[in-house]
Amino acid sequence: LDIYTSPQNYNSELGLVFSVFQIEEYHPSIKNLCKLSLKICLQAFFEKKNTDILLAEYGIDSPYDMEKLLRVACPDICILTKLDAVHSANFPWWLREYWAEKWKLLLATQGKVYVNLQDEYSVEHYYLLTDYTEIADETEKNFDLQYDETDIVKMKFHYHGKNIFLNLVWEDNLVYVKLGLDIASDIWIELSEEKYDFHFT
């Protein structure tokens, strides 16, 4: 599979368009915007799809931002890791309105939704989601710590009979790695080895 994700934090309406068309550099000016608009039009009408999977980030700062993003692209798979109050300052009703805006993404998803039920709004509105929903639960504790030969702490856990090692020791990292493995399995990426050692930098 050919997987693409933009190398920068392109999560706004314009950034999501850039991610779809794999535009990695943009210097704001009328001239550059005109050139990019022409490039996007040519790609949209005349070029073949050049990636199998696009990994995109949907970022919101104000009410109705999510609706603008969804006009650009509706996802087949949605991952809501955790909602944080830090981004809710521009919402009149603060956190609950921010949650409601984020949840528009989950409700518009065409396939499977992965949601972390770690906030009050998600627990209350979970019933609105489809049967294609899985829970990423940060309260999971079934892991053990192990030391490797260089005395660097590594985390180890079992995943469908496979031994998984990673160099991130916080508990929520374990949950997100498991989530990544679940998603890989859902998009038919087969884990054929008995042991996997993930090293994050």
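Residues numbered from 1 in each chain as written. Predicted model: local features only at pLDDT ≥ 70, side-chain atom pairs only at ≥ 80, totals over all residues. Heavy atoms only, no water.

**Q** Could you clarify how one ought to interpret the layout of surface pockets in this entry?
**A** In this approach, a probe sized like a water molecule rolls over the atoms, and the result shows the empty space that is left. Reported here for the largest pocket is a volume of approximately 1800 Å³. In terms of lining residues, the largest pocket is bounded by 46 residues, among which Leu 54, Leu 55, Ala 56, Glu 57 and Ile 77 are the most central. When residues of the lining of the largest pocket are traced back to their parent elements, those giving at least two are strand E1 (3-5), helix H1 (13-20), strand E2 (53-55), strand E3 (77-80), helix H4 (95-108) and helix H6 (171-186). Split by residue class, the lining of the largest pocket holds 26 nonpolar, 10 polar and 10 charged. (1 Å grid on protein atoms, 1.4 Å probe; cavity = no way out; pocket = protein on both sides within 12 Å on 5 of 7 lines; lining within 4 Å. Points joined across faces, edges and corners; volume = space filled by probe spheres on them. Helix = DSSP H or I, 4+ residues; strand = E, 2+ residues; numbered from the N terminus. Nonpolar A, V, L, I, M, F, W, Y, C, P; charged D, E, K, R; others polar.)

**Q** Quick question: what am I supposed to make of a nonpolar patch on the surface here?
**A** A surface patch of nonpolar side chains, about 390 Å² in accessible area, is lined by Leu 1, Ile 3, Leu 55 and Ile 189. Tracing the chain through its elements places Leu 55 in strand E2. (Patch = residues over 30% accessible without salt bridge, like charges linked within 9 Å, V, L, I, M, F, W, Y side chains within 5 Å. Areas by Shrake-Rupley, 256 points an atom, 1.4 Å probe, with all protein chains shown as cover. Salt bridge = Lys/Arg side-chain N within 4 Å of Asp/Glu carboxyl O.)

**Q** How should the environment of Asn 50 be read in this particular structure?
**A** With respect to the element layout, Asn 50 can be found in the loop between helix H2 (30-46) and E2. Note: C-alpha distance between Asn 50 and Gln 22 (28 residues apart in sequence) is 9.3 Å. Ignoring sequence-local partners within four residues, the contact set of Asn 50 consists of Asp 2 and Gln 22. (Contact = heavy atoms within 4.5 Å.)

**Q** Please clarify how the nonpolar core should be interpreted in this entry.
**A** A general tendency of soluble globular proteins is for nonpolar side chains to be buried together. With 21 residues, the main nonpolar core has Tyr 58, Met 66, Tyr 98, Trp 103, Leu 106 and Val 115 as its most contacted residues. Going through the elements one at a time, helix H3 (65-72), E3, H4 and strand E4 (112-115) are the ones with two or more residues in this core. Counting 10 residues, the second largest nonpolar core, distinct from the first, contains Met 155, Phe 157, Leu 174 and Leu 191. (Core = buried A, V, L, I, M, F, W, Y, C linked by side-chain atoms within 4.5 Å. Buried < 20%, exposed > 50% of the residue type's maximum accessible area, 1.4 Å probe, protein only.)

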